[in-house]
Every structure is written in C-alpha cells, then in structure tokens.
Amino acid sequence: MGDYCHFNSGKESVSSFNIELFGVDINLYQNPSSRAVGHGAVVWDAAVIFSKYMESNPGDFEPTKLGGKTVLELGSGCGLAGLALMMRGAQVTFTDLAAVVDMLTTRNVQTMHRLFKAEESIKHPILDPEIMPIDWTVESKVVEENPRVYDLILLTDCVFSMELIDDLVGTILRHTGPKTTLLCCHEIRDEIANDAFVERISQHYRIKRVPKNKLHPEYRNDFVELFTGRPLKKKGGGDA
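So, a few notes on the structure that sits alongside this text. (Residues numbered from 1 in each chain as written. Predicted model: local features only at pLDDT ≥ 70, side-chain atom pairs only at ≥ 80, totals over all residues. Heavy atoms only, no water.)

**Some words on the pairing of strand 9 (residues 224-231)**
The element strand 9 is largely enclosed, with a buried count of 6 among its 8 residues. Two strands pair when backbone bridges link them, and strand 7 (residues 176-187) and strand 9 are joined in this way by 6 bridges, in the antiparallel orientation. Bridge assignment links Cys185 to a residue of strand 9, and that residue is Leu226. Across 5 bridges, strand 8 (residues 205-209) lies against strand 9 in antiparallel orientation. Following the sheet pairing, Ile207 is matched in strand 9 by Gly229. (Buried < 20%, exposed > 50% of the residue type's maximum accessible area, 1.4 Å probe, protein only. Helix = DSSP H or I, 4+ residues; strand = E, 2+ residues; numbered from the N terminus. Pairing = 2+ DSSP bridges.)

In structure tokens:
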C-alpha cells in the first residue's frame with residue numbers, strides 16, 4: 001500500500017482497526033486488499049490524528065457544544081472521524097463514493113451507532129446518523145435553489161489529487177452557510193495539490209492552522225496538518 005497508515009498495522013491481511021476514543025473501544029472494519037474502494041479502504045492517519053485531537057481538547061468538543069449540530073463528512077471511508085463527532089452528540093451525515101459506502105461506511109457507522117447508544121459511559125443523546133453516496137465531481141456541479149447547509153463540514157485525507165481540488169472545494173461551498181465551521185485534516189502527499197486547495201479554500205474561508213502542540217502527544221505526524229475555517233464576509237457586508 002505504499003504510504004499506508006503509520007497508526008495502522010500496515011498488513012494487507014488486517015481487516016479491522018482498533019482504537020480507544022473517549023474511553024470507548026472502537027473496532028472498525030477495513031479492507032486493505034480491495035481495489036474497488038481505493039483510498040477509502042483503510043483508516044488513514046488523518047482520521048486518527050483528528051479523533052485523538054478531539055480527545056485531547058475535550059473542552060472544544062463538549063456534548064453541550066456539539067449536541068444537535070449538523071455535520072457533513074466528506075470522504076468518510078471507514079468513518080472514524082465522523083464517528084468521533086457522533087460520539088460527542090453531533091448529527092453526522094457520512095458520505096463517500098457508492099462503493100465505499102456500500103462496503104465499509106454503512107457497516108461501521110451502523111455498528112458503532114448501536115454500540116454508542118448502549119454505552120453506559122455516554123450520558124448524552126446519540127443521534128441517528130445519515131449515510132449517503134456522494135461523488136464530488138457530480139455534487140459540485142449540482143445547482144439547487146436551497147442546498148442543505150451544515151453547522152460543520154469535516155474532511156480527513158481528502159486532499160490528494162490536483163484533478164479533484166475544484167470539485168472538492170465546490171462541494172464544500174455548496175453546503176456552506178454563514179456560520180459553518182470547516183474542519184480539515186490531511187496528510188500532505190502532493191504539495192502542489194495541497195497548496196492549490198489551501199489557496200482555493202482561502203478565497204472563501206478564513207483558515208487557522210492548529211499548532212502541533214495542541215495535538216495528542218502520541219498521535220502526531222509531521223506530514224499531517226489540521227486546520228479550521230470560518231466563512232469570509234463578502235465585501236458588501238454579507239456572508240460568503
């Protein structure tokens with residue numbers, strides 16, 4: 001798998017990924033040997049680092065703050081990052097290509113949703129998730145008079161191809177409202193694509209990089225960056 005996850009086992013025969021998050025054991029199905037689901041086949045570093053960042057900064061992700069907030073996760077894959085937000089009370093819409101949703105996302109989200117609902121240590125409500133296929137190359141071009149906007153838009157390890165940057169940014173903007181928060185964590189695999197994404201999204205969002213010292217001390221990677229963003233105000237005084 002080449003640059004297969006540092007925090008994963010790296011063995012193509014391993015069909016599960018295990019991690020403890022907020023005191024709960026998470027077990028996710030993955031399929032490293034599958035060619036049909038491509039990048040979505042495994043749990044990548046960025047999802048692990050983001051989830052552990054949440055755990056290390058619980059005050060920023062309290063259920064009293066996240067409870068009932070709507071989240072759109074792009075490129076959910078095995079679902080870890082979105083599940084971390086669901087654990088804290090958010091209502092998460094998990095999305096990926098249809099092949100990934102069918103093989104991995106749905107299975108993991110439904111299994112973990114049942115586990116969270118039954119977990120005695122979780123005292124706040126766990127909301128029902130949504131799971132749906134999205135192809136950015138189609139989604140970004142769909143025109144609707146009132147597209148659904150979300151409180152948070154989450155993407156982990158979605159920036160890897162120059163060819164997809166415009167479609168990815170278009171999909172983000174289609175679901176952005178005046179108060180949307182962007183949460184983006186990804187490994188820099190292609191510096192040109194990364195710079196292009198940052199340049200494009202910065203035209204619409206004011207981004208703020210999370211310093212390395214705020215990340216979990218045992219879950220860091222020099223090639224992974226995490227930033228948040230809020231929509232820029234339009235020059236006329238409105239929102240982006």
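Further notes follow.
**Focus on the sheet that holds strand 5 (residues 130-133)**
Ordered by their spatial adjacency, 7 strands build an open sheet running 5-4-3-6-7-9-8, and the pairing between neighbours is mixed. A single partner strand is all that each edge strand has here, and the edge strands are strand 5 and strand 8. Across the sheet, the mean angle separating the axes of adjacent strands is 20° when strand polarity is ignored. With 6 bridges joining them, strand 6 (residues 150-156) and strand 7 adopt parallel strand pairing. Looking at strand 7, one finds that Leu154 is bridged to Leu183. (Axes fitted to C-alpha atoms, helices over the stretch in contact; angles between N-to-C directions.)

**Examining the pairing of strand 7**
Most of strand 7 sits out of view: 10 of its 12 residues are buried. Considered for its hand, the β-α-β crossover made up of strand 6, helix 6 (residues 165-174) and strand 7 is right-handed. (Right-handed = clockwise from strand over helix to strand, strands pointing away.)

**A few points about the state of the cysteines**
Taken as a whole, this structure holds 0 disulfides when the rule is applied. Free cysteine: Cys184, not disulfide-bonded; nearest cysteine sulfur from Cys185 at 7.4 Å. On the basis of relative accessibility, which here comes to 1%, the residue Cys184 falls in the buried class. (Disulfide = S-S within 2.5 Å.)

**A short note on the packing of aromatic side chains**
This structure, assessed with the given rule, holds 4 aromatic pairs. With a centroid separation of 6.4 Å and 80° between ring planes, the pair formed by Phe50 and Phe61 is classed as edge-to-face. Of this pair, Phe50 sits in helix 1 (residues 45-56) while Phe61 sits in the loop between helix 1 and helix 2 (63-66); the two residues are 11 residues apart in sequence, bridging distant segments of the chain. Taken individually, Phe50 and Phe61 each receive the classification buried, so the pair is uniform in this respect. Residues Tyr53 and Phe61 carry aromatic rings whose centres are separated by 5.7 Å and whose planes lie at 80° to one another, so their mutual orientation is edge-to-face. Of the two residues, Tyr53 and Phe61, neither departs from the other in class, the shared state being buried. Members of the aromatic cluster, joined through ring pairs, are Phe50, Tyr53 and Phe61. Over the aromatic face of Phe22 sits the side chain of Arg88, whose NZ or CZ is 4.3 Å from the ring centroid. Between the NZ or CZ atom of Arg189 and the centre of the ring of Trp44, over which it lies, the distance is 4.9 Å. (Phe/Tyr/Trp six-rings, centres within 6.5 Å; stacked < 30°, edge-to-face > 60°. Lys NZ or Arg CZ within 6 Å of the ring centre and 35° of its normal.)

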